[in-house]
Amino acid sequence: MKDLLKISDLNKEEILSILDLADKLKYEKQNGIEHKHLSGKTLGMIFKKASTRTRVSFETGMYQLGGYALFLQENVMQIGRGEPTKDTARVLSRYVDGIMIRTFEQEEVETLAKFSDVPVINGLTDFAHPCQVLADLMTIREYKNDFDNLTMCYIGDGNNMANSLIVGALKVGMNIHIACPKGYEPDSEVLDFAQSFGDKFMLTEDPLVAAQGVDVVYTDVWSSMGDEENAEERAKAFQGIYQVNEDLMSHTDDAIILHCLPAHREEEITNESFEKHAKEIFDEAENRLHAQKAVMVSLMK
Ligand code: CP
Ligand code: NVA
């Protein structure tokens, strides 16, 4: 494995080995055990969209591993003035030991990886958010011990998170139910992949059907970065139905709630449900740090 471009690039064993390493790094961090696996190495981080968690967790994670991270914001880079991605890839490969990119098109990440000699990590595209899903799976395992016989439901937009959660959950053996409005379904290739898992996968328009008896409830914003100009129209499709609230939670099997954050309270989740499950949600945010350190060590050591 050279890169992490989408969760489907990993098989079950690779996912589990990243999660095991993430658990170990978390334990070591909590117990003051240093782990400078990437001493002297550098990570270039290209950002074409906003970020709090991804930027801070990659940057501090790299520091904790003994390396250094460069924050390369699009508007101060030549890539932001039209320098081709394939040239940027070849130049950065001469300087850094790994590249993380957050952008719009998945194709750009694939091109960057194709022309780069160093590992490329997808820090979110419109299609996928593999680093988030690894942190989510890590969190699920912390709370539920194992993936066997677990079911997660995802309530809301069939976006980058839904695409990645479907693949990640099915790969580790979980069942996954998606509830989204008509016209906002996950990517068709992801749906084709999911259909091959038979009744381990469910797609419905009814959140209460999706939530029945589940162990994990997941939600994300109705309008992702880049969707803002249609936010009003999108809100109409989701309003009053596609929301994680206490009524929905009462249909689950004492589920935990996960949210990749940032959250829009009273839209995809009520303040009440968010705050009742804040411990899980912020453990999940913390696990971005540990899971990404495991990814960087696996790819860059
Ligand atoms: N969940 C996530 O990727 O957060 P940021 O957008 O803050 O990086
Ligand atoms: N679906 C959201 C996730 C943010 C971490 C977005 O793409 O904006």
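Predicted, not measured: the structure shown is a model, and the values here were computed from it.

1. Here we look at the overall build of the protein chain
Each helix and strand counted, the protein chain has twelve helices and nine strands in total. Here the protein chain has a C-alpha radius of gyration of 19 Å; the compact-globule value for 301 residues is 19 Å, and the two agree. Summarising its shape, the C-alpha atoms of the protein chain cover approximately 55 × 45 × 35 Å along the three principal directions. Counting across all 301 residues of the protein chain, residues that qualify as buried make up 56%. For the protein chain, long-range pairs separated by at least 24 residues make up 75% of all intrachain contacts whose partners lie at least 6 apart in sequence. Element-wise, carbon and sulfur atoms account for 47% of the exposed surface of the protein chain, whose accessible area totals about 12900 Å². Of the side-chain charges in the protein chain, 31 are positive and 51 negative, and the distance between the mean point of each set is 8 Å.

2. Observations concerning the site of ligand 1
Within the structure, ligand 1 sits among S51, T52, R53, T54, R102, H129, Q132, C260, L261 and R288. Note that an oxygen atom of ligand 1 is positioned 2.7 Å from one of the backbone N or O atoms of T52. Between an oxygen atom of ligand 1 and a side-chain N or O atom of R102, the distance comes to 2.8 Å. In the complex, 95% of the free accessible area of ligand 1, which totals 260 Å², lies under the protein chains.

3. Comments concerning the sheet that holds strand β2 (residues 68-73)
Taking strand neighbours across the sheet as the criterion, the four strands line up as β2-β1-β3-β4 in an open arrangement whose pairing is parallel. Edge strands, defined here as strands with exactly one partner in the open sheet, are β2 and β4 (120-122). The sheet shows a mean angle of 20 degrees between the axes of neighbouring strands, direction not considered. Of the pairings in the sheet, the one linking strand β3 (residues 98-102) to β4 comprises three bridges and is parallel in character. Paired with M100 across the strands is I121, a residue of β4.

4. As for the packing of aromatic side chains
Summed over the entire model, instances satisfying the criterion amount to seven aromatic pairs. Among the aromatic residues, ring-to-ring pairing joins Y184, W222, F238 and Y242 into one connected group. Across from the ring centre of Y63, 5.9 Å away, lies the NZ or CZ of K36, which sits over that ring.

5. Topic: helix α12 (residues 278-300)
Each α-helix turn comprises 3.6 residues. Residues three or four places apart therefore point the same way. Spanning 23 residues, α12 covers 33 Å between terminal C-alpha atoms, matching the ideal 33 Å at 1.5 Å per step. Of all the bends in α12, the greatest, near 30 degrees, is centred on N287. Taking burial as the measure, the 23 residues of α12 include 19 buried ones, the bulk of the element.

6. Focus: the environment of Q243
Mapping Q243 onto the fold places it in the loop between α9 (231-238) and α10 (246-249). Linking Q243 and E266, residues 23 residues apart in sequence, is a C-alpha distance of 7.9 Å. With residues up to four places along the chain from it excluded, the contact list for Q243 reads I155, L248, E266, E267, E268, I269 and T270.

7. Digging into the site of ligand 2
What surrounds ligand 2 is the set L124, N159, N160, D220, S224, M225 and L261. One nitrogen or oxygen atom from the side chain of D220 is found 2.6 Å from a nitrogen atom belonging to ligand 2. In this structure, an oxygen atom belonging to ligand 2 sits 2.8 Å away from a main-chain N or O atom of M225. Of the residues in the shell around ligand 2, the class split is three nonpolar, three polar and one charged.

8. Examining the pairing of β3
Taken across its five residues, β3 has five buried, putting it largely inside the fold. Of the two faces of β3, the one holding G98, M100 and R102 and the one holding I99 and I101 are both buried throughout. Where strand β1 (residues 42-47) and β3 come together, five bridges link them in parallel fashion. Bridge pairing in β3 places G44 opposite I99. In terms of handedness, the path from β3 via helix α4 (residues 106-115) over to β4 forms a crossover that is right-handed.

9. Here's the deal with the nonpolar core
Counting residues in each nonpolar core, the largest one holds 57 residues, and the members touching the most others are L134, L137, I140, M152, M174, I176 and M296. With residues near it in sequence (within four places) discarded, I140 still touches N145, F147, L150, M152, M174, V216 and L258. If you look at the next biggest cluster of nonpolar residues, it comprises 23 residues, including C153, A211, A235 and A263.

10. Side note on the side chain of R141
Note on placement: R141 falls in helix α5 (residues 130-144). In this structure R141 comes out as buried when scored by relative accessible area, which is 17%. Once residues lying within four places of it in the same chain are set aside, the contact partners of R141 are L16, L19, D20, D23, D146 and F147.

Rules and cut-offs
Residues numbered from 1 in each chain as written. Chains lettered and ligands numbered in written order. Predicted model: local features only at pLDDT ≥ 70, side-chain atom pairs only at ≥ 80, totals over all residues. Heavy atoms only, no water. Helix = DSSP H or I, 4+ residues; strand = E, 2+ residues; numbered from the N terminus. Rg over C-alpha atoms; globule rule 2.2 N^0.38 Å. Buried < 20%, exposed > 50% of the residue type's maximum accessible area, 1.4 Å probe, protein only. Contact = heavy atoms within 4.5 Å. Areas by Shrake-Rupley, 256 points an atom, 1.4 Å probe, with all protein chains shown as cover. Lys, Arg positive; Asp, Glu negative; His and termini not counted. Charge placed at Lys NZ, Arg CZ, Asp CG, Glu CD. Near = heavy atom within 4 Å. Polar contact = N/O pair within 3.5 Å; in protein donor to acceptor, adjacent residues only side chain to side chain. Pairing = 2+ DSSP bridges. Axes fitted to C-alpha atoms, helices over the stretch in contact; angles between N-to-C directions. Phe/Tyr/Trp six-rings, centres within 6.5 Å; stacked < 30°, edge-to-face > 60°. Lys NZ or Arg CZ within 6 Å of the ring centre and 35° of its normal. Expected span 1.5 Å × (residues − 1). Bend = angle between axes of the 7 residues up to and from the residue. Nonpolar A, V, L, I, M, F, W, Y, C, P; charged D, E, K, R; others polar. Right-handed = clockwise from strand over helix to strand, strands pointing away. Core = buried A, V, L, I, M, F, W, Y, C linked by side-chain atoms within 4.5 Å.

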